[in-house]
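What follows is the residue order along each chain.
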Amino acid sequence: MKRPILLSDHFTIGKLLRFTVPSMVMMVFISIYSVVDGFFVSNFAGTTSFAALNLIFPFIMFLSVIGFVFGAGGTALIAKTLGEGKPVEANRIFSMLVYLGAICGVLFAAIGWPFLDEVSILLGADEALLGECVMYGRILLLAMPFFMLEIMFHSMLIAAEKPNLGLIVTLIAGGLNMALDALFIAGFGWGLKGAAWATALSQLSGATIPLVYFIVPNKSRLQLGRPVFDGAALRLTCFNGISEFFSNISAAMVAMFYNYQLMKYIGEDGVAAYGVVMYVAFIFAAVNIGYGMGSGPIVSFHYGAGNRDELRNVFTKSMMLIGIMGLTEFLFAQLLARPLSQVFVGYDPDLLALTTHALRIYGISFLLMGFNGYASAFFTALNNGLVSALISTNRTMVCETLAVLLLPAIFGVNGIWYAIIFAECAALVLTVTMLMRNGSRYGYLR
């Protein structure tokens, strides 16, 4: 039996993959069970319910953004603190963030609850979609505290050197979600309400299992203890995670703009097609997201330990792996666009043609998407939230927003699908500039 891989190890490509693959599989599985929601809703509840799900879901993600901030920013700080040889301080930070994350989940759910009607209308919901949007949103808001913790634990289990446990938790939560989708939607005929309850219950399990693990004595680097407020650590966490804040806020806003434009140019079919594209795109992008999540604590640890040689080693190997992943994802997207679209909307030939066309255009962006995403995650791991936020915000809030609003006036509906390609190309210029400018500062470039 091979010994566990430690953050302090020297990483060959094989060891890097062994450590990060659980995170990549975990993120892919998360995307797959999200896709299963869409599959059951689209095929058993119809296009209207599917469009309602995709219309309101970005707002739910908007409210959950603190979970991503605490997860990515907190993990970077915790791993750096461990690298500095301060395990007691690392555990105090960890405990504080877990309790604050749960509290924020309750607060943000309470804030969002009364505005679901207005937000749904603002996003373009008509009379047919409004009731479905509000119902789905309110059920997910009930589970918001657990969703916050689930998001945080995805990253923090890696800092605890337990990426395999994170994968196991995700498999359990995802398996439960898929089973309940089949039972509630296909079996009981609950439609979109069944999808909402299946998701909420899976989030409950995804948060509870790691919470219990960290409460009881364990063999990891982290243990949940008595909360001690540390304002300086909280500020550093938020600074580190500022890119995740802007990235998720931007992603939610961009999704809303996409849906608004598609309702304007096509109607419900456009929103449904975009939902399928997002599901499939998330499966491919999840590989890159999982790699950034899995490798981030390695970067943070060696940065804290002042080991520049290992930082350079991990960065060089990571860029090579990201390039291979991007090319592979692009090829798969082109080859599998129609069969993947057929899974969701095969019952409607016109919608199938629209979705297949959109997915093939969107898939071109996979060639570059990984580099931009990894660079943002890399700077978060270096505890430089400002540069990370600059890359992620420029990529989505600036470039993609402008593209999705302006390109349809030039290219029509195709301009909506071209937006992501324009955004990734423009973002890559800034990404390369930031990597070159900061290389000597951190020592990851010779």
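From a predicted model like this one, the values you see are computed outputs, not experimental measurements. (Residues numbered from 1 in each chain as written. Predicted model: local features only at pLDDT ≥ 70, side-chain atom pairs only at ≥ 80, totals over all residues. Heavy atoms only, no water.)

A. Geometry of the overall build of the protein chain. Scanning the protein chain from N- to C-terminus turns up 17 helices and 0 strands. In terms of overall size, the protein chain behaves like a compact globule, its C-alpha atoms giving a radius of gyration of 21 Å where 446 residues would be expected to give roughly 22 Å. Considering only C-alpha atoms, the protein chain reaches an extent of 60 × 45 × 40 Å along its principal axes. Here the protein chain holds 446 residues, and 58% of them are scored as buried. Of the contacts formed within the protein chain by residues at least 6 apart in sequence, a portion of 81% connects residues at least 24 apart. (Helix = DSSP H or I, 4+ residues; strand = E, 2+ residues; numbered from the N terminus. Rg over C-alpha atoms; globule rule 2.2 N^0.38 Å. Buried < 20%, exposed > 50% of the residue type's maximum accessible area, 1.4 Å probe, protein only. Contact = heavy atoms within 4.5 Å.)

B. Structural context of the nonpolar core. Core analysis: the biggest nonpolar cluster contains 139 residues, and Ile78, Phe94 and Phe379 have the highest contact counts within it. Ranked by residues supplied to this core, first place goes to helix α12 (residues 268–304) with 17 residues. For phenylalanine 379, the residues in contact, after removing those within four places along its chain, are Asn384, Gly385, Val387, Ser388, Ile391, Met434, Leu435, Asn438, Tyr442 and Tyr444. (Core = buried A, V, L, I, M, F, W, Y, C linked by side-chain atoms within 4.5 Å.)

C. Summary view of the environment of leucine 167. Looking at where leucine 167 falls in the secondary structure, it is placed in helix α8 (residues 163–187). For the pair leucine 167 and glutamate 400, spaced 233 residues apart in sequence, the C-alpha to C-alpha distance is 32 Å. Leaving out residues up to four positions away in the same chain, leucine 167 has contacts with Pro22, Val25 and Met26.

D. Just a nonpolar patch on the surface, in detail. Residues Trp113, Leu142, Phe146, Leu176, Leu183, Phe188, Trp190, Trp197, Leu201 and Leu204 make up a contiguous nonpolar surface patch of roughly 860 Å² in combined accessible area. When contributions to the nonpolar patch are tallied by element, the ones reaching two or more residues are α8 and α9 (192–215). At 3 residues, the largest contribution of residues to the nonpolar patch is made by α9. Relative to the elements of secondary structure, phenylalanine 146 occurs in helix α7 (residues 144–159). Taking relative accessible area as the criterion, phenylalanine 146 reaches 32% and is therefore assigned partly exposed. (Patch = residues over 30% accessible without salt bridge, like charges linked within 9 Å, V, L, I, M, F, W, Y side chains within 5 Å. Areas by Shrake-Rupley, 256 points an atom, 1.4 Å probe, with all protein chains shown as cover. Salt bridge = Lys/Arg side-chain N within 4 Å of Asp/Glu carboxyl O.)

E. Spotlight on the environment of glycine 370. Its place among the elements puts glycine 370 in helix α15 (residues 366–381). Glycine 370 sits in the buried class, given a relative accessible area of 5%. In sequence terms glycine 370 and leucine 97 are 273 residues apart; their C-alpha atoms lie 29 Å from each other. Among residues more than four places away in sequence, those in contact with glycine 370 are Asn288 and Ile322.

F. Just the packing of aromatic side chains, in detail. Scanning the entire structure with this criterion turns up 24 aromatic pairs. Ring plane angle 80° and centroid distance 5.2 Å describe the contact between phenylalanine 39 and phenylalanine 40, whose orientation is recorded as edge-to-face. Its relative accessible area of 27% is what places phenylalanine 39 among the partly exposed residues. A residue is classified by how much of its surface remains accessible, and phenylalanine 40, at 12% relative accessible area, is buried. (Phe/Tyr/Trp six-rings, centres within 6.5 Å; stacked < 30°, edge-to-face > 60°.)

G. Broad picture of the packing of helix α11 (residues 242–265) against helix α17 (residues 413–442). With their axes 10 Å apart at the nearest point, α11 and α17 run at an angle of 165° to one another. Considering the angle they form, α11 stands roughly antiparallel to α17. By crossing handedness, the relation of α11 to α17 is classed as left-handed. Judged by residue contacts, Tyr258, Gln261, Leu262 and Tyr265 of α11 engage Val413, Ile416, Trp417, Ala419 and Ile420 from α17. By residue class, the composition of the contact of α11 with α17 is 8 nonpolar, 1 polar and no charged. (Axes fitted to C-alpha atoms, helices over the stretch in contact; angles between N-to-C directions. Parallel < 35°, antiparallel > 145°, perpendicular 65-115°, else oblique. Left-handed = near helix turned anticlockwise from the far one by under 90°. Nonpolar A, V, L, I, M, F, W, Y, C, P; charged D, E, K, R; others polar.)

H. Representation of the layout of surface pockets. Counted as a void, the second largest pocket has a volume near 160 Å³. In terms of lining, the second largest pocket is formed by 14 residues, of which the most central are Leu77, Lys80, Thr81, Leu236 and Asn383. Contributing elements (two or more residues each) for the lining of the second largest pocket: α3 (65–83), α4 (87–112) and α10 (231–240). The element that contributes the greatest number of residues to the lining of the second largest pocket is α10, accounting for 4 residues. A breakdown of the residues in the lining of the second largest pocket according to their chemical character gives 6 nonpolar, 3 polar and 5 charged. (1 Å grid on protein atoms, 1.4 Å probe; cavity = no way out; pocket = protein on both sides within 12 Å on 5 of 7 lines; lining within 4 Å. Points joined across faces, edges and corners; volume = space filled by probe spheres on them.)

I. View of the pattern of salt bridges. Within the structure shown, the criterion is met by 7 salt bridges. The partner of aspartate 9 in a salt bridge is lysine 15, and the shortest N-O contact between them spans 3.8 Å. Note on aspartate 9: relative accessible area 8%, which makes it buried. Across the pair glutamate 84 and lysine 80 runs a salt bridge whose closest N-O atoms are separated by 2.7 Å. According to the relative accessible area criterion, glutamate 84 is partly exposed, its value standing at 32%. Bridged by salt links that share partners, the residues Lys80, Glu84 and Lys86 form one connected network.

J. Seen up close, empty space enclosed by the protein. In this structure the tally under the stated criterion is 2 cavities of 30 Å³ or more. In this structure, the second largest cavity occupies an estimated 30 Å³ of space. Along the walls of the second largest cavity sit Glu89, Arg92, Ile93, Val228 and Asp230, which together make up its complete lining. The residue makeup of the lining of the second largest cavity, split by class, is 2 nonpolar, no polar and 3 charged.

K. Structural detail: unusual backbone geometry. Here glutamate 161, not a glycine, exhibits a phi torsion of approximately 65°, which is positive. Checked against the element boundaries, glutamate 161 lands in the loop between α7 and α8. On the accessibility criterion, glutamate 161 (16% relative accessible area) is buried. Positive phi, normally seen in glycine, also occurs at asparagine 383, with a value near 65°. On the secondary structure map, asparagine 383 appears in the loop between α15 and α16 (385–411).

L. Inspection of the packing of α7 against α12 at higher detail. It is at 9 Å that the axes of α7 and α12 come closest, and there the two elements cross at 40°. Looking at the two axes, α7 sits oblique to α12. Relative to α12, α7 is oriented so that their crossing is right-handed. Contacts from His154, Ser155, Ile158 and Ala159 in α7 reach Met293, Gly294 and Pro297 in α12.

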